[in-house]
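# Residue-level structure breakdown
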Amino acid sequence: MYETMPIMKTIFFCAQTLNAKIAHNASEFVDWTSAEDKKYFREETRKCGVVVMGNATYKTMERPMPGRLNVVMTRSPDASKNQEGALEFTDKPLLQILQDLEKRGFPSVAVIGGAQIFTQFLESGLCDELAITIEPKIFGSGINIFNDFTRDVSLKLLEVRKLNEDAVLLRYKIVS
């Protein structure tokens, strides 16, 4: 039933420190990013209309992000927490999630974390672009953007944008 690859665009959105940390720990709410990064993230993920995240990332938020369908990947989905048109929990395989979203009319999906989810999508070849904000910080310890990544991936630079005096957005297309 799910043999074909989706044609929708899958984009990672992530803010990281200069030393590639996306958080100090798995329960940290990302409040250390710039106002400009938050604005960019809000605008771009609303254009997608849907965000996909892991359960740990969802638990760091106070509520689902408004104006977008929030899909939470978890090993034990709790359908009672689903909110019509706003929040869904799923244990479906990545490809099936994307195909289901495509059938529902979403032209693109924003993958917003965390490291385990980023790694799963990239390892599976189910990512088209990376939009990474480099914030002017270095964490002594923390979570890397990718977790036990095993593949080599080539990228093509699509955009470099200075978000403010210190933060830079890098947008890449995955070419292999």
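What you see is a predicted model; the values in this text were computed from it and never measured.

What counts as what
Residues numbered from 1 in each chain as written. Predicted model: local features only at pLDDT ≥ 70, side-chain atom pairs only at ≥ 80, totals over all residues. Heavy atoms only, no water. Helix = DSSP H or I, 4+ residues; strand = E, 2+ residues; numbered from the N terminus. Buried < 20%, exposed > 50% of the residue type's maximum accessible area, 1.4 Å probe, protein only. Contact = heavy atoms within 4.5 Å. Pairing = 2+ DSSP bridges. Axes fitted to C-alpha atoms, helices over the stretch in contact; angles between N-to-C directions. Phe/Tyr/Trp six-rings, centres within 6.5 Å; stacked < 30°, edge-to-face > 60°. Polar contact = N/O pair within 3.5 Å; in protein donor to acceptor, adjacent residues only side chain to side chain.

For Thr 57, the position within the fold is in helix H2 (residues 55–59). Taking the relative accessible area as the measure of exposure, Thr 57 reaches 17% and is therefore buried. Excluding anything up to four places from it in sequence, Thr 57 contacts Ile 112, Gly 113 and Gly 114.

Before going further, it helps to examine the sheet that holds strand E9 (residues 155–162). Spatially, eight strands are ordered E5-E4-E3-E6-E1-E7-E10-E9 in an open sheet, and the strand pairing comes out mixed. For this open sheet the edge positions go to strand E5 (87–90) and E9, each flanked by a neighbour on one side alone. For this sheet, the mean inter-axis angle between neighbouring strands, taken without regard to orientation, is 20°. As judged from the six bridges shared by strand E1 (residues 9–16) and strand E7 (residues 129–134), these two strands associate in the parallel manner. Across the sheet, the residue bridging to Ile 11 is Glu 129, located in E7. Sheet strands in contact with helix H3 (residues 94–103) are E1, strand E3 (50–54), strand E4 (69–73), E5 and strand E6 (108–113), and its direction is about 165° off that of E4.

Another aspect to go through is H3. For H3, the set of buried residues is Leu 94, Ile 97, Leu 98, Gln 99, Asp 100 and Leu 101. Among the structural elements, E1, E3, E4, E5, E6 and helix H4 (115–123) are those in contact with the buried residues of H3. Once H3 finishes, Gly 105 follows within two positions and takes phi at roughly 100°, a positive value.

Attention shifts here to H4. For H4, the set of buried residues is Ala 115, Ile 117, Phe 118, Thr 119, Phe 121 and Leu 122. Count one or two residues on from H4 and you reach Gly 125, which has phi positive near 75°.

Our next topic: the pairing of E7. Extensive coverage of E7 is indicated by the burial of six of its six residues. Neither face of E7 is left uncovered, since the one carrying Glu 129, Ala 131 and Thr 133 and the one carrying Leu 130, Ile 132 and Ile 134 both have all their residues buried. Bridge count for E7 against strand E10 (residues 168–174) is six bridges, and the pairing is antiparallel. Looking across to E10, one finds that Glu 129 is bridged to Lys 173.

To continue, consider the environment of Leu 157. Among the structural elements, Leu 157 can be located in strand E9. The spatial distance from the C-alpha of Leu 157 to the C-alpha of Glu 129 is 9.7 Å, given a sequence separation of 28 residues. Excluding its chain neighbours within four sequence positions, the residues that come into contact with Leu 157 are Arg 171 and Tyr 172.

Take the packing of aromatic side chains next. This model, assessed by the stated rule, comprises eight aromatic pairs. Plain terms: the ring middles of Phe 12 and Phe 121 are 6.4 Å apart, the flat faces sit at 90° to each other, and that makes the pair edge-to-face. Of this pair, Phe 12 sits in strand E1 while Phe 121 sits in helix H4, and the two are 109 residues apart along the sequence. The exposure classification of Phe 12 matches that of Phe 121, with both residues buried. Relative to Phe 139, the ring of Trp 32 lies with its centre 5.1 Å away and its plane at 75°, an arrangement referred to as edge-to-face. Note that Trp 32 is positioned in the loop between strand E2 (21–23) and helix H1 (35–48) and Phe 139 in the loop between E7 and strand E8 (143–144), a separation of 107 residues in sequence.

A word on the side chain of Thr 45. Within the secondary structure, Thr 45 is located in helix H1. Among the polar contacts listed, one links the side chain of Thr 45 to the side chain of Arg 68, at a separation of 2.7 Å.

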